[in-house]
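For reference, the chains in residue letters:
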Amino acid sequence: MENNIKNFKNIFAEDIVSQAFAHARVNLIGEHTDYTGGYVLPSLLPYKTSVYISKNRNATYAVYSEFFKKKIEFNDFMKSKTNEWVDYVKGCLFVFFDENVKIKNAYINIYLESDIPMGRGIASSSALCVATLKALNKFFGTSFSDKHIAVLAQKVERNYIGVSGGIMDQMVSSIGIHGKAFFLDCLSLKYEFLEIPLNWQFCLIDSAVQRNLRDSSYNERHEQLKNAEKILGVEYLGSVKLSTFNNNDFSDEVIYKRAKHVVTENDRVLNAKKYIQNNNLSQFGELMNLSHYSYSNDFEASTEDVDLITKRSVESGAAGSRLTGGGFGGFTVSLIEKTNYGLWYKNMRKHYSEDKFFTV
Ligand code: GLA
């Protein structure tokens, strides 16, 4: 924080006027259920992005990223052709000013600092958007609620960046509380905080598979699920109960499998919520394993490396282990009883280096 204040002054020769931060998240269970009007159960990670803002007196927008050690200046909010990190900031400015017709575009300096591993399925881009919008909200005194900020952050990703994501990441990043699970009904945006029992530990392992094809595969899954909704004649798959879901409704096996994942996953999230409330984390772990099986086999969003991590994790004593986030690589999340943690970690370290482990 002290360093950031000093750096800000060195780079922009101005004092910080507003600042905000937002955390990355891990999704404990409930994958691809958000944009289909279902349920999710994420939780915040300790990693965060901080955004600092001051006035800019040179009639330009200037953004500095501590991670890239790069300053970029611009005068309009046109997206770059090559998908640059700064596009997320431009997108936030675009959406924010679009929302506030009364605010005259005031030129500002923006400083970004983050310790969130990027492109690994723990929502680094949502944290960047939420933190930027919160800092703008303070700077311009617009008093938007945290829920409103989450909705605007989703607009940035959907309408400006062009990824057909849901609302989970933005909601938990904007509203979540560290150490608690965040149960969200993605249709009504009603949420509840659930206590994670202290004798259990979630731990992430990085499969080190970088993004590349992930956005296009994500968008493809999104389309397949929207197709399934059309076939079933429902607005959202989230409204389809497991008891009425029937494979005879589908002529396309692939679309059926994608929909099956979502319908069974919603059921698992609701049961997972009950298990966490009843302090029954062994059963919660079992649901994580079933969720991974479904994500890997029906949704076909896993990779060999990821499947191996989850298998080894359970063999090493985890109650449950699954791929977390949008799919196609990234992080796995495992649930381990604290009394087993030392042994689990020792076993897993035989296969994975220390820098691959991230505790929640
Ligand atoms: C990404 C998206 C979320 C959600 C997950 C999959 O993280 O941003 O909205 O769809 O994938 O559960």
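Cut-offs applied
- Residues numbered from 1 in each chain as written.
- Predicted model: local features only at pLDDT ≥ 70, side-chain atom pairs only at ≥ 80, totals over all residues.
- Heavy atoms only, no water.
- Helix = DSSP H or I, 4+ residues; strand = E, 2+ residues; numbered from the N terminus.
- Expected span 1.5 Å × (residues − 1).
- Buried < 20%, exposed > 50% of the residue type's maximum accessible area, 1.4 Å probe, protein only.
- Domains from an automatic or database assignment.
- Contact = heavy atoms within 4.5 Å.
- Buried area = accessible area lost by both parts, 1.4 Å probe.
- Salt bridge = Lys/Arg side-chain N within 4 Å of Asp/Glu carboxyl O.
- Pairing = 2+ DSSP bridges.
- Axes fitted to C-alpha atoms, helices over the stretch in contact; angles between N-to-C directions.
- Parallel < 35°, antiparallel > 145°, perpendicular 65-115°, else oblique.
- Left-handed = near helix turned anticlockwise from the far one by under 90°.
- Nonpolar A, V, L, I, M, F, W, Y, C, P; charged D, E, K, R; others polar.
- Near = heavy atom within 4 Å.
- Polar contact = N/O pair within 3.5 Å; in protein donor to acceptor, adjacent residues only side chain to side chain.
- Areas by Shrake-Rupley, 256 points an atom, 1.4 Å probe, with all protein chains shown as cover.

Chemist: Would you mind going over helix H3 (residues 124-139) with me for this structure?
Modeler: Note: α-helices contain 3.6 residues per turn, so residues at a spacing of three or four share the same orientation. With 16 residues, H3 should reach 22 Å at 1.5 Å per residue; the first-to-last C-alpha distance of 22 Å fits that figure. Along H3, 15 of the 16 residues are buried, which leaves the element largely enclosed by surrounding structure.

Chemist: Sorry, what's going on with the domain arrangement of the protein here?
Modeler: Interface size is commonly expressed as the accessible surface area that is lost when the partners come together. Parsing the protein into structural domains produces domain 1 (2-193) and domain 2 (197-359). Relative to domain 2, the C-alpha centre of domain 1 lies at a distance of 26 Å. Facing 35 residues of domain 1, the contacting portion of domain 2 comprises 45 residues. Summed over both partners, the interface of domain 1 with domain 2 buries about 3,100 Å², with 62% contributed by carbon and sulfur atoms. For the domain 1 face of the interface with domain 2, the top three residues by lost area are Ile29, His32 and Arg120, together amounting to 22%. Our count for the contact surface shared by domain 1 and domain 2 stands at two salt bridges.

Chemist: What is the right way to look at unusual backbone geometry in this model?
Modeler: Excluding glycine, residues mostly have negative phi values, and the peptide bonds linking residues are mostly trans. For Ala59, which is not glycine, the phi dihedral falls at a positive 55 degrees. The residue Ala59 is located in the loop between strand S2 (39-55) and strand S3 (61-65) in this model. In this structure Ala59 comes out as partly exposed when scored by relative accessible area, which is 43%. Positive phi outside glycine occurs at Ser143, with the angle close to 50 degrees. Take Ser143: its relative accessible area is 66%, and that puts it in the exposed class.

Chemist: Just to check I follow, could you spell out the pairing of strand S7 (residues 190-195) for this structure?
Modeler: Looking along a regular strand, one sees the side chains alternate between the two faces of the sheet. In this structure, strand S6 (residues 180-185) lies alongside S7, joined through six bridges in antiparallel fashion. By the bridge assignment, Asp185 is partnered in S7 with Lys190. What sits between S6 and S7 in their antiparallel hairpin is a turn of four residues, with Leu189 showing a positive phi close to 60 degrees.

Chemist: Could you clarify how one ought to interpret the packing of helix H2 (residues 86-99) against helix H4 (residues 146-161) in this entry?
Modeler: Packed helices, taken two at a time, are described by the angle between their axes plus the distance between the axes. Axis separation between H2 and H4 bottoms out at 9 Å; the angle between their running directions is 120 degrees. Relative to H4, the element H2 is oriented oblique. In this structure, the crossing between H2 and H4 has a hand that is right-handed. Contact residues: Asp87, Tyr88, Lys90, Gly91, Cys92, Phe94, Val95 and Glu99 in H2; His148, Leu152, Lys155, Val156, Glu157, Tyr160 and Ile161 in H4. For the contact of H2 with H4, the residue count by class is eight nonpolar, two polar and five charged.

Chemist: For this particular structure, what's the right way to read the site of the ligand?
Modeler: The ligand sits among 13 residues. The nearest are Glu31, His32, Asp34, Asp169 and Tyr218. A distance of 2.9 Å separates an oxygen atom of the ligand from a polar atom in the side chain of Arg25. Interatomic distance of 2.7 Å between a backbone N/O atom of His32 and an oxygen atom of the ligand. Here the ligand has 310 Å² of accessible area as a free molecule, and 90% of this is covered by the chains. Of the residues assigned to the shell around the ligand, the class counts are three nonpolar, six polar and four charged.

Chemist: How should the sheet that holds strand S8 (residues 200-206) be read in this particular structure?
Modeler: Backbone hydrogen bonds hold the strands of a sheet together, and the pairing may be parallel or antiparallel. Taken together, the four strands give an open sheet; going across it, the order is S9-S10-S8-S11, and neighbouring strands pair in antiparallel fashion. Of all the strands in the sheet, just strand S9 (320-323) and strand S11 (357-359) have a single pairing partner and so form its edges. Adjacent strand axes in the sheet meet at a mean angle of 25 degrees, parallel and antiparallel pairs treated alike. As judged from the three bridges shared by S8 and S11, these two strands associate in the antiparallel manner. Bridged to Leu204 within S11 is Phe358. The sheet strands contacting helix H8 (residues 281-297) are S8, S9 and strand S10 (331-337), and the helix crosses S9 at an angle near 30 degrees. Each of S8, S10 and S11 is contacted by helix H10 (residues 338-349), which is oriented at about 140 degrees to S10, the strand it contacts most.

Chemist: Can you walk me through the environment of Leu45 in this structure?
Modeler: With respect to the helices and strands, the residue Leu45 is situated in strand S2. Given the relative accessible area of 0%, Leu45 is considered buried. Remark: the alpha-carbon pair of Leu45 and Thr60, spanning 15 residues in sequence, is separated by 34 Å. Among residues more than four places away in sequence, those in contact with Leu45 are His23, Ala24, Arg25, Val26, Ile122, His178, Leu204 and Val360.

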